[in-house]
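Descriptive structure summary
Listed below, chain by chain, are the residues.
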Amino acid sequence: MAANAEIPLDLYPTESDLPYEEEILRDPFKLKGWWRYLVARASAPFRKRSILYERALKALPGSYKLWHAYLRERLDAVRAFPITHPSYASLNNTFERALVTMHRMPRIWIMYLSSLTDQRLLTRARRTFDRALRALPVTQHDRIWPLYLKLVSLPGVPVETSFRVYRRYLAFDPSHVEDFIDFLLQSKRWQEAADRLASVLNDDAFYSIKGKTKHQLWLELCDLLTKHATEILGLKVDPIIRGGIRKFTDEVGRLWTSLADYYVRRGLYEKARDIFEEGISTVITVRDFSVIFEAYAQFEQSALAAKLEAAEDDSDDEMDGGEGGKDGMEKLAKKFLEGCWLNDDDDTDLRLARFERLFDRRPELLNSVLLRQNPHNVEQWHRRVKLFEGDPARQASTYVEAVKTVDPAKAVGKPHTLWVAFAKMYEEHNRLDSAEEIFKKATQVNYKTVDHLSSVWCEWAEMELRHKNFTKAIELMRQATAEPSVEVKRRAAAEGNEPVQMKLHKSLRLWSFYVDLEESLGTLESTRAVYERILDLRIATPQIILNYAFLLEENKYFEDAFKVYERGVKIFKYPHVRDIWVTYLSKFVKRYGKSKLDRARELFEQAIEQTPAQEVKPLFLQYAKLEEDFGLAKRAMNVYDRAVKTVADNEKLSMYEIYIARAAEIYGVPKTRQIYEQAIESGLPPNDVKAMCLKYAELERNLGEIDRARAIFVFSSNYADPRSDPDFWKKWKDFEIQHGNEDTFREMLRISRSVSASYSQTHFILPEYLMQKDQKLTVEEAVDTLKRAGIPEDQMGALERQLAADPSSNSSINEDSSARAVSFVRGGLVEPEPNTIKRAVANSEEIDLPESDSDEENIEIAQKSVPAAVFGELAKKAAEEKEGEDDAGTKLGALERIKRQRQQ
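Residues numbered from 1 in each chain as written. Predicted model: local features only at pLDDT ≥ 70, side-chain atom pairs only at ≥ 80, totals over all residues. Heavy atoms only, no water.

1. A look at the overall build of the chain
What counts is decided by this rule: Helix and strand assignments follow DSSP, with helices taken as H or I runs no shorter than four residues and strands as E runs no shorter than two, numbered in order from the N terminus. Exposed residues in this analysis have more than 50% of their type's maximum accessible area, buried residues have under 20%, and partly exposed residues fall in between, with area computed by a 1.4 Å probe over protein chains only. The criterion used for residue contact is that any of the two residues' heavy atoms lie within 4.5 Å. Only the protein chains shown count as cover for residues, and the accessible areas themselves come from Shrake-Rupley with a 1.4 Å probe.
Broken down by element type, the chain carries 48 helices and zero strands. Burial statistics for the chain: of 904 residues in total, 42% are counted as buried. Sequence separation of 24 or more characterises 57% of the internal contacts of the chain that already satisfy a separation of 6 or more. Surface summary for the chain: the accessible area is close to 51000 Å², and the carbon and sulfur share equals 52%.

Have a look at this one:
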């Protein structure tokens, strides 16, 4: 009874627990009853639940579910206590009891090991880790090792213990050697870290789990070896780093500086200086050069600063006069060796000279790097020569090295410039024999292009000209332009690789220089021979043809010059022949004028036939000028007439304007009517037709032909939308105000409405993309588009009739016209019939003039006299033609003829 009194009453089962107790009494080895009991008492105190767990585990000691839940609750219960609390000992005891049956369950081990790690029980945890690794299969060790490594990485763990654990881990998974290396570096075990890194780099099958490349590992090893040079033994640092330099081309400068730093830390300063020099003389990128040069300069500066500080310390010691610092033997040695240069330890001047010399050599060293990148870079060789200005010997040696190194087939730039500059250097020092020898060797080099070889010959000849050796210069050109013999050509063809020397005789640059020499220094016959040779070789250019002809003209050989022009126009095609034709025709006309007019006409005809339409306009104008000056006016008009039919469409309007102006000046203004009619019918663009009609109407108005001018306005109105072209309608309105009456003005407004309606209907019916494409579609284009779209024509006609019959629009127009206070002058003009105007609007190409009614035949039309100066020299002829037209009675003018031609 006393023992029972020690157990609290709340731990005993209550009445609500009786069903669960009865169930587990009936079947104590069934997990389902125990688990239902525990779930029902989830809110009970942990002591009561722990009793339930203990009872259940006593009945079911092999239940993983019960053990896992029990241990989780015990872990949660002790988490609030410090690790020295006795509850942790009970927890560990529970884990040990669980592992008796759960030693194959890795989750139980992980929970136990994590708890021991948190408790900082290092020895017990280490032994438990070993037990877990022995108990679990090897396939589950990967779940234990991360916790084990975390344990040995804790502060306070002996380093040797950690090393042993990591070595065991690498035996299990060698791919994590990088983690071991990082741990060694953190533990300052430089020797073993370097050994491990070296073994990793030597393993070709190694793959970094951290994504590091072999180059990064090399750099890490180099940094490790150089920074701890005195602490790492057994590794041959120099071969290792040089192997990395040979194997990796990226960041080679850093490897060289690491090797030099290694010798600096070892105290081998001269060896370090040799490494710096070797690195600078072997790298091939400017970046690596900059890295090595900066490290080299910093090394020399540090050495100089250290020497200066040591000299200051020695001077301070001497000033102190310390006698006890040296014994008698040292004083005696100093006395005997004083003044000897071998006993002089002060090398400050030498170090300072080295430092200055290093910076003086920087441009040369950098140029060497660029030349190592591409030894065939011509520009870099020229820059290298400039570095040695004032030192002819080094310049000469550089040129010799350059011409030996540069391969013309691989050269970047023009390799012949090296030979030319080399020869000019000797020329500047008055060594012409050496310069000629260099040029002679340069002409034997197999350059990539003929132009390079020809430039060498030209430079050689120019050098001879600068020294007044004119005969030798011409002889050099004659030698250079000589065609190789048949035997030489056969030998070159047999070898298969034809050198550029075989093509030199066809070099245009060489022949141009040769002909300039002959013109300046030779005779006319020798110059002509050179020009003829150029033409025979078929390498002439239009400029050479012109130069040859000018030469002959200067020497009064005009016919020979024209023959040269003839040869030129036969050799070249358009557009190259354009300048030859223009010069030839102008020279011929200027020379012969009227004396050889037929020949000049033939030349113009030939030139016009060969010239395309886009460029033929100047020739037509020149041809017409010839006929006006020396030929017949009728021929000139024929030329203009051919011109307006031949020139390009974009130049027809300007050509017609010239044609009209010349016809008015020669034949008088009435002659231009026929040209205007021809221009309107010629198929000009709509805007050009409208512009031509306006000029035609202005002409008729100036001549007093008001009806003809009005009919022209009616015809051209089809090309002018009132909304987009108000200028046209303003001109017509001003014309009607000045010369018309109320009826004609009404007719002008009616036509304006009709044209506007036509354009409105067209744009209303057309698809939207056509409206955006062209806002100025003509009626004919709109009708064609409607036909292609399959829309019947009667719909458009119905809309037009509806607009024409709309009384509201007519009343608004009448009100607007009546509101204007404009005085109309009735001129007794015949009003055109409405159906005629409708037909003109419906078809923009058809022109119909009103026919006179019988009732109005006796109406007198006011006539206005035209000055005779308007008609020029042919005033009388024009009057006769006018009378003939009045007598005929059936001819009503140009527009009537156009209408009848269209009807036919």
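2. Quick word on the confidence of the model for the chain
For clarity, the cut-off: What pLDDT conveys is the predictor's confidence in a given residue, as a value from 0 to 100.
For the chain, per-residue confidence averages 76 on the pLDDT scale, and residues scoring 70 or more make up 79% of the total. Per-residue pLDDT stays below 50 along residues 1–5; that stretch engages in one contact with residues further than four places along the chain or on separate chains. Segment residues 884–895: pLDDT under 50, and 13 contacts once partners within four positions in sequence are set aside and those in other chains are kept.

3. Examining the packing of aromatic side chains
What counts here: For Phe, Tyr and Trp, where Trp contributes only its six-membered ring, two rings pair if their centres lie within 6.5 Å, and the inter-plane angle classes them as stacked under 30 degrees, edge-to-face over 60, or tilted in between.
Inspection of every chain in the model, using the stated rule, returns 42 aromatic pairs. Between the aromatic rings of phenylalanine 562 and tyrosine 584, the centroid separation amounts to 5.9 Å while the plane-to-plane angle is 35°, which identifies the pairing as tilted. With phenylalanine 562 in helix H31 (residues 558–571) and tyrosine 584 in helix H32 (residues 578–592), this residue pair connects regions lying 22 residues apart in the sequence. In this structure phenylalanine 562 comes out as buried when scored by relative accessible area, which is 2%. Overall, the relative accessible area of 0% leaves tyrosine 584 in the buried class.

4. A look at the packing of helix H3 (residues 31–40) against helix H4 (residues 46–59)
This is how the line gets drawn: Axis definition: a line fitted to C-alpha atoms, limited for helices to the stretch in contact. Angles are taken between N-to-C directions and run from 0 to 180 degrees. Note on angle classes: values under 35 degrees are labelled roughly parallel, values over 145 roughly antiparallel, values of 65 to 115 roughly perpendicular, and the remainder oblique. Under this grouping Gly is polar, as are all residues other than the nonpolar Ala, Val, Leu, Ile, Met, Phe, Trp, Tyr, Cys and Pro and the charged Asp, Glu, Lys and Arg.
With their axes 11 Å apart at the nearest point, H3 and H4 run at an angle of 175° to one another. Judged on the interaxial angle alone, H4 and H3 are roughly antiparallel. Taking contact as the criterion, the partners of Trp34, Tyr37 and Leu38 in H3 are, on H4, Arg49, Leu52, Tyr53, Arg55, Ala56 and Ala59. Here the residues of the contact of H3 with H4 are counted per class, giving seven nonpolar, no polar and two charged.

5. Details of empty space enclosed by the protein
Where we set the bar: Grid points spaced at 1 Å and placed over the protein atoms alone form the basis of the search, with a cavity being a set where a 1.4 Å probe fits but cannot get out and a pocket an open set showing protein on both sides within 12 Å along at least five of seven lines. Lining residues have an atom within 4 Å of a point. Grid points are joined across faces, edges and corners, and a volume is the space filled by probe spheres set on the points.
With the rule as written, the count across this model stands at two cavities of 30 Å³ or more. The volume enclosed by the largest cavity comes to roughly 60 Å³. Taken together, Glu178, Ile181, Asp182, Leu197, Val200, Lys212, Leu217 and Glu220 form the lining of the largest cavity. Those elements that provide at least two residues to the lining of the largest cavity are helix H11 (177–186), helix H12 (190–202) and helix H13 (214–227). Among the elements that make up the lining of the largest cavity, the one with the highest residue count is H11 (three residues). When its residues are assigned to classes, the lining of the largest cavity shows four nonpolar, no polar and four charged.

6. Some words on the packing of helix H25 (residues 450–466) against helix H28 (residues 508–521)
Interaxial distance between H25 and H28 falls to 9 Å at its minimum, and their mutual angle equals 20°. Relative to H28, H25 is oriented roughly parallel. Contacts between H25 and H28 involve Asp451, Ser454, Ser455, Trp457, Cys458, Ala461, Glu462 and Leu465 from the first element and Arg509, Leu510, Phe513, Leu517 and Leu521 from the second. When its residues are assigned to classes, the contact of H25 with H28 shows eight nonpolar, two polar and three charged.

7. A closer look at the environment of alanine 402
Structurally, alanine 402 can be placed in helix H22 (residues 392–405). Alanine 402 sits in the buried class, given a relative accessible area of 1%. Sequence-wise, alanine 402 and proline 415 are 13 residues apart; in three dimensions their C-alpha atoms are separated by 9.3 Å.

8. Concerning H32
Test applied: Here the expected length of a helix is defined as 1.5 Å per residue gap, with one fewer gap than residues.
Taking 1.5 Å of rise per residue, 15 residues should cover 21 Å, and H32 covers 21 Å from first to last C-alpha, within 8% of that figure. Buried within H32 are the following residues: Ile580, Trp581, Thr583, Tyr584, Leu585, Phe588, Val589 and Tyr592. Structurally, H32 contributes buried residues whose contacts are with helix H30 (542–554), H31, helix H33 (597–610) and helix H34 (617–630). Once H32 finishes, glycine 593 follows within two positions and takes phi at roughly 60°, a positive value.

9. Things to note about the nonpolar core
What counts, and what does not: As used here, the term nonpolar core means buried Ala, Val, Leu, Ile, Met, Phe, Trp, Tyr and Cys residues forming a set that is joined through side-chain atoms within 4.5 Å.
Counting residues in each nonpolar core, the largest one holds 132 residues, and the members touching the most others are Trp457 and Trp732. Counting residues in each nonpolar core, the second largest holds 96 residues, with Ala69, Tyr169, Leu217 and Leu255 among its members.

10. Considerations on the environment of methionine 637
Its place among the elements puts methionine 637 in helix H35 (residues 633–646). It is 9.9 Å that separates the C-alpha atoms of methionine 637 and tyrosine 667, two residues lying 30 residues apart in sequence. Beyond its immediate stretch of four places on either side in the chain, methionine 637 contacts Tyr659, Arg662, Ala663, Ile666 and Tyr667.

11. Considering the pattern of salt bridges
To keep things clear, this is the line we draw: Salt-bridge detection follows one rule: a side-chain nitrogen of Lys or Arg within 4 Å of a carboxyl oxygen of Asp or Glu.
Applying the stated criterion across every chain, the model contains 51 salt bridges. With a closest N to O distance of 3.6 Å, glutamate 270 and arginine 354 form a salt bridge. Linking glutamate 270 in helix H16 (residues 269–280) with arginine 354 in helix H19 (residues 348–360), this pair joins segments that are 84 residues apart in sequence. With its nearest N and O atoms 2.8 Å apart, the salt bridge here joins glutamate 532 to arginine 567. Here glutamate 532, found in helix H29 (residues 524–536), pairs with arginine 567, found in helix H31; they are 35 residues apart in sequence, far enough to count as distant.

12. Let's talk about unusual backbone geometry
Even without being glycine, asparagine 430 reaches a positive phi, approximately 60°. As for its placement among the helices and strands, asparagine 430 is situated in the loop between helix H23 (416–428) and helix H24 (432–442). We note that lysine 468 has phi near 65°; this positive angle belongs to a residue other than glycine. Following the sequence through the fold, lysine 468 ends up in the loop between H25 and helix H26 (470–480).

13. Section: H33
Stated formally: Note that the arc is computed from the directions linking the helix axis to the C-beta atoms.
A rise of 1.5 Å per residue sets the reference length of H33, with its 14 residues, at 20 Å; its end C-alpha atoms lie 20 Å apart and thus fit the reference within 8%. Turning to H33, its buried residues number three or more, namely Leu597, Ala600, Arg601, Leu603, Phe604, Ala607 and Ile608. Within H33, the buried residues cover an arc of 160° as seen down the axis, which keeps them to one side. Turned more than 90 degrees from where H33 packs its buried face, Asp598, Glu602 and Glu609 sit exposed. Among the structural elements, H31, H32, H34 and H35 are those in contact with the buried residues of H33.

14. What to know about the environment of arginine 466
Keep this limit in mind: Under the rule applied, a polar contact is a pair of N or O atoms within 3.5 Å (in protein, one hydrogen donor and one hydrogen acceptor; residues adjacent in sequence only if both atoms are side-chain atoms).
With respect to the helices and strands, arginine 466 occurs in helix H25. Taking relative accessible area as the criterion, arginine 466 reaches 42% and is therefore assigned partly exposed. In contact with arginine 466, not counting residues within four places along its chain, are Lys424 and Glu427. At a separation of 3.0 Å, a polar atom in the side chain of arginine 466 contacts the side chain of glutamate 427.

15. Overview of the side chain of serine 455
Relative to the helices and strands, serine 455 is located in helix H25. Using a relative accessible area of 4% as the deciding quantity, one classes serine 455 as buried. A distance of 2.5 Å separates polar atoms of two side chains, one belonging to serine 455 and the other to arginine 509. Setting aside residues no more than four positions away along its own chain, serine 455 makes contact with His416 and Arg509.

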